[in-house]
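Observations on chain architecture
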2 protein chains.
Amino acid sequence: MPAHQTTISEVGEHAVIAAIREVAPSARNGDDAAVLSMTTPNARYVVTTDMLVAGRHFRLDWSSPEEIGAKAAVQNFADVEAMGARPTALLLGLAAPGDTPLETVVGIARGLHAQCGTCAAEIVGGDVVGGEALTVSVTAIGELGGPAKPLTLDRARPGDTVIAAGVIGASAAGLALLERFGAPAAVPAEFAGLVRAHLVPDFAYGRGPVARAAGAGSLTDNSDGLLVDLGQIAAASGVAIDVDGAAVAPDAALRRAGDAVGADPWDWVLTGGEDHTLLGTINGEPPTGFRAIGRVVRGDGQVRVDGAEPWLRGGWVSF
Amino acid sequence: MPAHQTTISEVGEHAVIAAIREVAPSARNGDDAAVLSMTTPNARYVVTTDMLVAGRHFRLDWSSPEEIGAKAAVQNFADVEAMGARPTALLLGLAAPGDTPLETVVGIARGLHAQCGTCAAEIVGGDVVGGEALTVSVTAIGELGGPAKPLTLDRARPGDTVIAAGVIGASAAGLALLERFGAPAAVPAEFAGLVRAHLVPDFAYGRGPVARAAGAGSLTDNSDGLLVDLGQIAAASGVAIDVDGAAVAPDAALRRAGDAVGADPWDWVLTGGEDHTLLGTINGEPPTGFRAIGRVVRGDGQVRVDGAEPWLRGGWVSF
């Protein structure tokens, strides 16, 4: 009988990534996207990649292929913008069972392409192969022009304003509604905006470069949840972040959705990810398109809401 | 009963790619790698990606995880070098079942990293997710310094010398030996080099940039087979290519392997892919590390061997 080998599910995603980074160390790794310099001065670009597996990261009965493609583009381009860079290109890797409708594959490409059209990027390459499950691999690339620093996680300083540029909690609310009602068409019409926010987050391109031009320090996107994502800035920068509760409080739509599914909308705000809203820090006023949602204070990685430790709940633990 | 939807296996890989390119057109798409320009003069980089699925593109009972990672790096970096660029970075996307040994994932990263070490590149990012089948997505990036043109498929001209920089047919011979004997350890020791050539092609980094510096026109790599890959140059350039049979004739090891498995080693030379040997064209003498294997003549996409149409066999048809 062979000796038991430790499996990836036993150690979990973070330990797998840590083990990979141990055998393949790189100083460029660990932010929203990697920054690559060229031998030409001030010519830097950023790259990031995501793997999406059918049934795990998207559902073909909830999303059209176009929506799956659009969301895949948004989540990667948000990582590009979170460095202060301008999206320029996408690569599409696709593994699919032979009986996958051609229209599904073409629809995914159409969704990626449509999203590229909103930010002047294009699909520049890819690979299509057979596989057991529909798996979409998207790599996004962006340009970081000029000498200003990229907006890395480690540049928040005490006294900075914490800024955000879009909805917070809407994607998690949309997911909860889909799980409760079973399908987009079954969700009451008044929540269509929240469902849409989950299926294709609304991302306003150009705000990452605007934040960089305005002198922002750190920038990331709300992919894992407000507390987790701000916590990464706080930990990397060696500071604490105090979120202004009133600035992120659930709006009327989130509260009504909370009532409809029997959930506390604060959970969606504090721990719901996938909004891909840009979150960051700046010494001074929020740049155009951003609003203030808190302050950076002295500390060591803590994130507080109105000065208090966020309450622990079922869905999320310490970060 | 729902109307039948055309599936991707019905139309085949080429039609799927054509359909994707129709909805997402890009002039940068269609070569070994895409060339991206920056707003900074002479700052260009190239990107390429591959999806590899366990059981389809690699076998865990034939290859160690390190070998799987190394081959994934080679096949992507060969596409970077085939543009005349210098490999600089890799991104690793990985979907894996929860019961995958951690050592398998780490071994793949170790193999990628080891290969990066031979060309001064590094793994700069990635994504690890759950999935039904172990699927590896590798994106490679390279820098194209200076004003010289990238080595695209469409730059062969009548009168050019056809050049190659490594083995041709060895990977296909290794695969045939593995299929015949069932496992690397079961293949007679005299063929260890051919098995190795299939599991981890030996790639000499730097020859792509050398060919560009020497003024080569087109460059590609032997990924799909000599006739197919040279055919792509011939078709894109609107020329014909005449291969010198003596320059690519099977060597003693290939002939002995042919005897051992009952195959014609010429099939491996002309139609075997995955050697990732650089193939190209230049007006003049072969650059350092390359040898002459033929001539570019007037024509329209044909590839001939010693002036004759290549004989048709089971494994490959027209291209």
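Residues numbered from 1 in each chain as written. Chains lettered and ligands numbered in written order. Predicted model: local features only at pLDDT ≥ 70, side-chain atom pairs only at ≥ 80, totals over all residues. Heavy atoms only, no water.

In the annotation of an unreviewed UniProt entry, the entry for chain A reads Thiamine-monophosphate kinase, and the organism field reads Corynebacterium sphenisci DSM 44792. Looking at the Function (unreviewed entry) heading of the UniProt record, one finds this comment for chain A: "Catalyzes the ATP-dependent phosphorylation of thiamine-monophosphate (TMP) to form thiamine-pyrophosphate (TPP), the active form of vitamin B1." Of the comments in the UniProt record for chain A, the one headed Sequence similarities (unreviewed entry) reads "Belongs to the thiamine-monophosphate kinase family." (UniProt positions renumbered as here; feature names shortened; annotations may be inferred.)

Residue and element names in this part refer to chain B. Under the 1.5 Å per step criterion, the end-to-end length of helix 5 (residues 170-181) is 16 Å for 12 residues, consistent within 8% with the ideal 16 Å. Turning to helix 5, its buried residues number three or more, namely A170, S171, A172, A173, G174, A176, L177 and L178. Buried residues belonging to helix 5 abut helix 6 (192-199), helix 10 (252-261) and helix 11 (265-271). (Helix = DSSP H or I, 4+ residues; strand = E, 2+ residues; numbered from the N terminus. Expected span 1.5 Å × (residues − 1). Buried < 20%, exposed > 50% of the residue type's maximum accessible area, 1.4 Å probe, protein only. Contact = heavy atoms within 4.5 Å.)

So, on to the interface of chain B and chain A. Frequently, the measure chosen for interface size is the accessible area that the parts lose on association. Taken together, the contacts link 74 residues of chain B with 74 residues of chain A. The partner of A:R56 in a salt bridge is B:E132, with the nearest N and O atoms 3.2 Å apart. Summed over the shared surface of chain B and chain A, the number is 16 residue pairs in polar contact (both at pLDDT 80 or more). Looking at the side of chain B that touches chain A, the elements with two or more residues in it are helix 1 (8-11), helix 2 (13-23), strand 1 (34-37), strand 2 (43-53), strand 3 (86-96), helix 4 (102-117), strand 4 (122-130) and strand 5 (135-145) of chain B. A breakdown of the residues in the side of chain B that touches chain A according to their chemical character gives 37 nonpolar, 25 polar and 12 charged. (Salt bridge = Lys/Arg side-chain N within 4 Å of Asp/Glu carboxyl O. Polar contact = N/O pair within 3.5 Å; in protein donor to acceptor, adjacent residues only side chain to side chain. Nonpolar A, V, L, I, M, F, W, Y, C, P; charged D, E, K, R; others polar.)

For the structure shown, the criterion picks out 19 salt bridges over all chains. One connected set of salt bridges, linked through shared partners, spans A:E66, A:E103 and A:R110.

Here, the residues flagged by UniProt with the feature "domain: PurM-like N-terminal" (unreviewed entry) are residues 30-143 of chain A. Within the segment residues 30-143 of chain A, helix and strand shares are 29% and 39% respectively, and the terminal C-alpha atoms sit 18 Å apart.

Take the nonpolar core next. By size, the foremost hydrophobic cluster in this structure holds 53 residues, and its most contacted members are B:V46, B:F77, B:L90, B:L92, B:L94, B:L112 and B:V136. In terms of domain composition, this core takes at least three residues from each of domain 1 (33-145) and domain 2 (161-305) of chain B. The residues contacting B:V136, other than those within four sequence positions of it, are B:D50, B:M51, B:L52, B:F58, B:L92, B:G93, B:L94 and B:I108. Membership of the second largest hydrophobic core comes to 52 residues, among which are A:A72, A:L92, A:L94 and A:I163. (Core = buried A, V, L, I, M, F, W, Y, C linked by side-chain atoms within 4.5 Å. Domains from an automatic or database assignment.)

In this section: the packing of helix 5 of chain B against helix 10 of chain B. Residues and elements named next belong to chain B. It is at 10 Å that the axes of helix 5 and helix 10 come closest, and there the two elements cross at 25°. On the basis of the axis angle, helix 5 is roughly parallel to helix 10. You can see that helix 5 and helix 10 cross each other, and the crossing is left-handed. Contact with helix 5, carried on its side by A170, A173, A176, L177 and R180, involves L254, A257, A260 and V261 of helix 10 and no other residues of that element. Each residue belonging to the contact of helix 5 with helix 10 can be placed in one class, and the counts come to 8 nonpolar, no polar and 1 charged. (Axes fitted to C-alpha atoms, helices over the stretch in contact; angles between N-to-C directions. Parallel < 35°, antiparallel > 145°, perpendicular 65-115°, else oblique. Left-handed = near helix turned anticlockwise from the far one by under 90°.)

Here the structure, examined in full by the defined rule, presents 5 aromatic pairs over all chains. Between A:F77 and A:Y205 the ring centres are 5.9 Å apart and the planes differ by 80°, which places this aromatic pair in the edge-to-face class. With a gap of 128 residues between them, A:F77 in helix 3 (residues 65-81) and A:Y205 in the loop between helix 6 (192-199) and helix 7 (207-213) connect regions that are remote in the sequence. As far as the burial class goes, A:F77 and A:Y205 line up, both buried. Grouped by ring-pair contacts, the aromatic residues A:F77, A:F203 and A:Y205 constitute a single cluster. Above the plane of the ring of B:W62 lies B:R59, whose end atom (NZ or CZ) is 3.9 Å from the centre. (Phe/Tyr/Trp six-rings, centres within 6.5 Å; stacked < 30°, edge-to-face > 60°. Lys NZ or Arg CZ within 6 Å of the ring centre and 35° of its normal.)

All names here are of chain A. The 5 strands are arranged 1-2-5-3-4 in an open sheet whose pairing can be described as mixed. Both outer strands of the open sheet, strand 1 (34-37) and strand 4 (122-130), are each paired with one neighbouring strand and no more. Across this sheet, the average inter-strand angle for adjacent strands is 20°, counted without regard to direction. One ladder, built from 4 bridges, connects strand 1 with strand 2 (residues 43-53); its direction is antiparallel. Paired with S37 across the strands is R44, a residue of strand 2. In the packing of helix 3 onto the sheet, contacts are made with strand 2, strand 3 (86-96) and strand 5 (135-145), and the angle to strand 2 comes to roughly 150°. Sitting on the sheet, helix 4 (residues 102-117) is in contact with strand 3, strand 4 and strand 5, with an inclination near 175° to strand 3. (Pairing = 2+ DSSP bridges.)

Residue and element names in this part refer to chain A. With mixed pairing, the 6 strands of this open sheet are ordered in space as 7-9-6-10-8-11. Across the chains shown, the open sheet's two edge strands, defined by having one partner strand only, are strand 7 (216-221) and strand 11 (303-305). Averaged over all adjacent pairs, the angle separating strand axes in this sheet is 25°, with direction ignored. In this sheet, strand 10 (residues 291-298) lies alongside strand 6 (residues 161-164) in antiparallel orientation, the contact comprising 4 bridges. Across the sheet, residue T161 finds its bridge partner in strand 10, namely R295.

Residues given the UniProt feature "binding site: ATP" (unreviewed entry) here are A:G126, A:D127 and A:S223. With the annotated positions falling across 98 residues, the maximum pairwise C-alpha distance of 26.1 Å shows that they are not confined to a single cluster. Positionally, A:G126 belongs in strand 4. When neighbours within four sequence positions are excluded, A:G126 is seen to be in contact with A:L91, A:L92 and B:T49. Among the structural elements, A:D127 can be located in strand 4. Looking at A:D127, the relative accessible area reads 14%, which means it is buried.

Residue and element names in this part refer to chain A. Taken as a whole, chain A is organised into domain 1 (30-145) and domain 2 (161-305). Just the C-alpha atoms count here: the centres of domain 1 and domain 2 sit 22 Å apart. Buried surface at the junction of domain 1 and domain 2, summed over both partners, amounts to about 1,900 Å²; 57% is from carbon and sulfur atoms. Summed over the three residues of domain 1 that lose the most area to domain 2, namely W62, K71 and E81, the buried surface amounts to 39% of that side. (Buried area = accessible area lost by both parts, 1.4 Å probe.)

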